[in-house]
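Structural overview
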Amino acid sequence: MKISIITATLNSGKTLEGTILSVIGQTHKDIEYIIADGDSIDNTLEIVKKYSDKISKIISGSDKGVYEALNKGIKLANGDVIGFLHSNDIYYDNSVIETIADEFEKSNADCIWGDLLYTAEDNLRKIIRYWKSSEYRNGLFKTGWMPPHPTFFVKKEIYEKYGMFNLDFRIAADYELMFRFLKKYKIKSKYVPKIFIRMRVGG
């Protein structure tokens, strides 16, 4: 199973190398890695070029924000499943994508998510908050529940059928997309009770 991973960047030079190494170090080898840059003016593109032989596709150009950058990546993605790794995040360990691929293979899920650790900005080992998620049940969104979006992996065919990020939601397009997929269209979902992502506080 091919997994497409999309990283949106904008002046991400301080943290991007760790993000890239986290992807290329995964044990699952059928990975398409896409970086969508929004015209960075720091050393972001120099770091990208350093690993260009490990990156499947590189986009660089102005955009209207992170959601448009991710939409550009979705349009280019050829994987069976699409996930996002933001440019200041890393995977919890090198087997995360292998775990996700295995869960998709043995289930009939259209989307899978797991847990997330918020860490200190300057220390990925210092845990600030453990975001423990759960299986989706109808009505949960009314309680403030949502999956940790960086852990949310979805089959490409779902994006093709039900759409990408709605750019009208400037800071909540991830919430709207998950609400649309799970609540409105009732896609088949699976929660995996494992930590997928280390995410620095501040986003």
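Refer to the structure above for everything that follows.
Everything numeric in this text was worked out from a predicted model, so none of it was measured. (Residues numbered from 1 in each chain as written. Predicted model: local features only at pLDDT ≥ 70, side-chain atom pairs only at ≥ 80, totals over all residues. Heavy atoms only, no water.)

**Some words on a negative patch on the surface**
To keep things clear, this is the line we draw: Each patch is built from salt-bridge-free residues with over 30% relative accessible area, joining like charges within 9 Å and nonpolar side chains (Val, Leu, Ile, Met, Phe, Trp, Tyr) within 5 Å. The protein chains shown are the only cover counted for residues, whose accessible areas, like all others here, come from Shrake-Rupley with a 1.4 Å probe. Whenever a carboxyl oxygen of Asp or Glu lies within 4 Å of a side-chain nitrogen of Lys or Arg, that contact is scored as a salt bridge. In this charge count, Lys and Arg are treated as positive and Asp and Glu as negative; neither His nor the chain ends contribute. In this description, the location of a charge corresponds to atom NZ of lysine, CZ of arginine, CG of aspartate or CD of glutamate. Comment: elements are numbered from the N terminus, with helices defined as DSSP H or I runs of at least four residues and strands as E runs of at least two.
Taken together, the side chains of Asp30, Asp80, Glu98, Asp102, Glu105 and Glu157 present a region of like negative charge at the surface. Ranked by the residues each element gives to the negative patch, the list is headed by helix α4 (residues 96-106), at three residues.

**Brief notes about the environment of Asp93**
Cut-off, in case you're wondering: Three labels apply to residues, based on accessible area from a 1.4 Å probe with only protein chains included: buried if under 20% of the type maximum, exposed if over 50%, partly exposed otherwise in between.
As for its placement among the helices and strands, Asp93 is situated in the loop between β5 (89-91) and α4. For Asp93, a relative accessible area of 32% gives the class partly exposed. Put simply, Asp93 and Gly139 are 46 residues apart on the chain and 32 Å apart in space, counted from C-alpha to C-alpha.

**Here we look at the pattern of salt bridges**
Inspection of the entire model under this criterion finds seven salt bridges. For the salt bridge of Glu17 with Lys50, the shortest nitrogen-to-oxygen distance reads 2.8 Å. Of this pair, Glu17 sits in helix α1 (residues 16-24) while Lys50 is found in helix α2 (residues 44-50), placing the two residues 33 residues apart along the sequence. Overall, Glu17 belongs to the partly exposed group, its relative accessible area being 29%. Across the pair Lys156 and Glu160 runs a salt bridge whose closest N-O atoms are separated by 3.8 Å. Residue Lys156 and its partner Glu160 are located together in helix α5 (residues 156-162), separated by four residues, close to a single helical turn. Residue classification places Glu160 among the exposed positions, given a relative accessible area of 59%. One salt-bridge network, held together by shared partners, links Glu103, Lys106 and Lys190.

Coordinates in, geometry out; function isn't part of it.
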